[in-house]
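Each chain, written out:
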Amino acid sequence: MRYKVTFVVGLALGYVLGTRAGRERYEKLKKSAREIAQNPAVRNAAETAGHTGREYAGKAFAVVSAKVGDAVPDSLAGRVRGLRGRVGGGADDEWGTSNT
């Protein structure tokens, strides 16, 4: 997934830098992206996706750790515990959205 996002960002950056319209087109794209990001439906979908991802990560860790036992590195176990602690925390993140 990370590689797809990187590819799309690179594609968008290449388009913006290579377009003949220049700054005008860049500002229009920036405004459109901001409007999409501030749309309540998009924000709710992003929050839901984040919550679901954290939930599945915790479940996957439980299943894997039950099968592998103590072979799971402490660094991985700590990261998953940290994610598990964020699920249902109800606190606002740095963008003012909740993790519920």
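Because the structure is a prediction, the values reported are computed rather than measured.

### Focus: the overall build of the chain
Thought 1: Within the chain, the secondary structure is distributed over 4 helices and 0 strands.
Thought 2: Secondary structure elements in the chain, listed N-terminal to C-terminal, are α-α-α-α.
Thought 3: By the burial criterion, 10% of the 100 residues in the chain qualify as buried.
Thought 4: Expressed as a percentage of contacts within the chain between residues at least 6 apart in sequence, the contacts between residues at least 24 apart total 40%.
Thought 5: Surface summary for the chain: the accessible area is close to 8100 Å², and the carbon and sulfur share equals 60%.

### What about a nonpolar patch on the surface?
Thought 1: Nonpolar side chains collect at one region of the surface, where M1, V5 and V9 lie side by side and expose about 340 Å² of accessible area between them.
Thought 2: Turning to its location among the elements, V5 is positioned in helix α1 (residues 2–18).

### A look at helix α3 (residues 40–68)
Thought 1: Look at α3: 41 Å from first C-alpha to last across 29 residues, which is about the 42 Å you get at 1.5 Å a residue.
Thought 2: Of all the residues in α3, the buried ones are R54, G58 and F61.
Thought 3: Where α3 begins, the capping side chain belongs to N39, and its oxygen is found 2.9 Å from the backbone nitrogen of A41.

Here is what the cut-offs are and how they apply
- Residues numbered from 1 in each chain as written.
- Predicted model: local features only at pLDDT ≥ 70, side-chain atom pairs only at ≥ 80, totals over all residues.
- Heavy atoms only, no water.
- Helix = DSSP H or I, 4+ residues; strand = E, 2+ residues; numbered from the N terminus.
- Buried < 20%, exposed > 50% of the residue type's maximum accessible area, 1.4 Å probe, protein only.
- Contact = heavy atoms within 4.5 Å.
- Areas by Shrake-Rupley, 256 points an atom, 1.4 Å probe, with all protein chains shown as cover.
- Patch = residues over 30% accessible without salt bridge, like charges linked within 9 Å, V, L, I, M, F, W, Y side chains within 5 Å.
- Salt bridge = Lys/Arg side-chain N within 4 Å of Asp/Glu carboxyl O.
- Expected span 1.5 Å × (residues − 1).
- Polar contact = N/O pair within 3.5 Å; in protein donor to acceptor, adjacent residues only side chain to side chain.

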